[in-house]
Amino acid sequence: MRLYLQFILRYFRYDKKRSFSINAINLAIIGLAIGVFSLLMTISVIKGFENVLSTKLVNVDGKIRLKTIFGTNINTLDSLDKIISSSSLEINIEPFVRGSAVIHKNKINESLLIEGVNYLPNLDPLANQEKFVNDDEIIIGSSLAEILELDYSEALVLVPLDGFIGNIENLKYYKLIFRRAFKTGMDEYDRNLAYVSINTAQKIFNMNNKVSGYIINSDIETDDLLKNLNGSVNYPYFLETWMDRHQVIFTWIRTQTLPIIIIFSLITLVGITNIMATVSLLVNERSKEVGILLSQGFQKYQIRNIFLIESGFISLIGSTIGVLLAIFFTFIQSRCNIIPLPEEVYFMNSLPIIFDYNLCFVIMLLSSFITIFSSIFPIKTIFDNRIPKLLEN
């Protein structure tokens, strides 16, 4: 191995006679580094989008919601929460009440969804400190609060729409105090959702001793949790996961993932092809030296190993540079958010990146393996010539 390294390092030293081959090696390294960097960043951004969206949606909706098939209300006297909680799983189950309403301030009227809860979900840092909503208070999404130009402790008029039939004169009006705004980063929620206490929601929607359903959370993965709970739920009830509620978004992400990864994998493949072409160039340039080594008693496998190790060395340097660039960019983006995103479109205000070190190792290993394997053919062609012919070149 030491002999091989002596030959390889000798060829990496700058020499005017070998300036062309050195430049070819440098370009091959740069090409592979760009390919590896692009592929890692693409996969990291896709994983970042999925992770950020998943976290936000689970925080707002909960992992699973228990509801009725017909959308009817559930009587709390049925004790469904106790039945589900009696399972051996470590879960948290909370009732919720949901209904549609119109909120009024001065001459502005906006429709929204009202959700009554005992405990606020983890919407933002403030929600972690304020777990409860007081009766006759309301917490509104930031986008809607801006439209209504709300101030703290301002009185608002709420008109429930669920179950309304008849003349407009029969509408009921409720006065609520604006407590604060919340911000999820998802305009769909920040524009259309508000939270009140469950007692207030039951009063507004005339649902005494009734709830719309139950929110189930646990540290268990959603799919495993669903499998374990399905046996506890019978008709007319059903379990709906947060993925079911937002199936279109994640179907779209997964549909886009495969072609994007294929395209950027081709960029990496181009870099590997450049290394293959560089090795072929190096073999032809060193044909005289190969002839000298053969005449001095070197075996063909020894000379082949020199070129294979060199191609692997080039691949290792290129992929390492690509990985280091990806790690550096991930660090800068996570700290400084240098690439902003329109929040109303992407549900987040900056490009999310989650770097996968296991995947990084796999990409480096695959690129090195493919590079070494693809270099076998151009190396093999040099041994088709006899030693005198190699010495003439």
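Refer to the structure above for everything that follows.
Residues numbered from 1 in each chain as written. Predicted model: local features only at pLDDT ≥ 70, side-chain atom pairs only at ≥ 80, totals over all residues. Heavy atoms only, no water.

Visitor: Would you mind going over the packing of aromatic side chains in detail, with residue names and values included?
Guide: We describe a pair of aromatic rings using the distance from one ring centre to the other and the angle between the two ring planes. Counted under the stated rule, the structure contains five aromatic pairs. A cation sits over an aromatic face here: R65 above F96, 4.4 Å from the ring centre. (Phe/Tyr/Trp six-rings, centres within 6.5 Å; stacked < 30°, edge-to-face > 60°. Lys NZ or Arg CZ within 6 Å of the ring centre and 35° of its normal.)

Visitor: Before we move on, could you go through a nonpolar patch on the surface and cite the residues and values that matter?
Guide: A surface patch of nonpolar side chains, about 1200 Å² in accessible area, is lined by L258, I262, L266, L269, F361, V362, L365, L366, F369, I370, F373 and I376. When contributions to the nonpolar patch are tallied by element, the ones reaching two or more residues are α10 (247–285) and α14 (357–374). When residues in the nonpolar patch are grouped by element, the largest group, seven residues, is from α14. With respect to the helices, strands and loops of the structure, I370 is situated in helix α14. What makes I370 partly exposed here is its relative accessible area of 36%. (Patch = residues over 30% accessible without salt bridge, like charges linked within 9 Å, V, L, I, M, F, W, Y side chains within 5 Å. Areas by Shrake-Rupley, 256 points an atom, 1.4 Å probe, with all protein chains shown as cover. Salt bridge = Lys/Arg side-chain N within 4 Å of Asp/Glu carboxyl O. Helix = DSSP H or I, 4+ residues; strand = E, 2+ residues; numbered from the N terminus. Buried < 20%, exposed > 50% of the residue type's maximum accessible area, 1.4 Å probe, protein only.)

Visitor: Before we move on, could you go through the pattern of salt bridges and cite the residues and values that matter?
Guide: Tallied over the full model, the rule gives ten salt bridges. The salt bridge involving K47 is made with D356; its shortest N-O contact spans 3.8 Å. Residue K47 is located in helix α2 (residues 19–61), and its partner D356 is located in the loop between α13 (343–346) and α14; the two are separated by 309 residues in the primary sequence. D356 gets classed as partly exposed once you look at its relative accessible area, which sits at 24%. We note a salt bridge from R98 to E115, for which the minimum N-O separation is 2.7 Å. Remark: E115 occurs in strand β4 (residues 108–117) and R98 occurs in strand β3 (residues 91–105); sequence separation between them is 17 residues. The exposure class of E115 is buried, given its relative accessible area of 1%. Where salt bridges share partners, they join D61, K67, E240 and R245 into one cluster.

Visitor: Outline the nonpolar core, listing residues and values.
Guide: Of all hydrophobic cores here, the largest spans 53 residues; its most connected members are L40, Y195, V323 and F355. For this core, the elements supplying multiple residues, two or more each, are α2, β8 (193–197), α10, α12 (300–336) and α14. At 16 residues, α2 tops the list of elements feeding residues into this core. Apart from residues lying up to four places away in sequence, F355 is in contact with L40, M41, S44, V323, A326, I327, T330 and C360. Counting 38 residues, the second largest nonpolar core, distinct from the first, contains I140, F205, L226 and L229. (Core = buried A, V, L, I, M, F, W, Y, C linked by side-chain atoms within 4.5 Å. Contact = heavy atoms within 4.5 Å.)

Visitor: Quick rundown of the packing of α10 against α14? Include the residues and the values.
Guide: Remark: α10 packs on α14, axes separated minimally by 9 Å, with the N-to-C direction vectors making an angle of 35°. Crossing handedness for the pair α10 and α14: right-handed. Facing α10, whose interface residues are I272, I275 and M276, α14 presents S367, I370, T371 and S374. Here the residues of the contact of α10 with α14 sort into four nonpolar, three polar and no charged. (Axes fitted to C-alpha atoms, helices over the stretch in contact; angles between N-to-C directions. Left-handed = near helix turned anticlockwise from the far one by under 90°. Nonpolar A, V, L, I, M, F, W, Y, C, P; charged D, E, K, R; others polar.)

The quantities given are spatial measurements derived from coordinates; they are silent on function.
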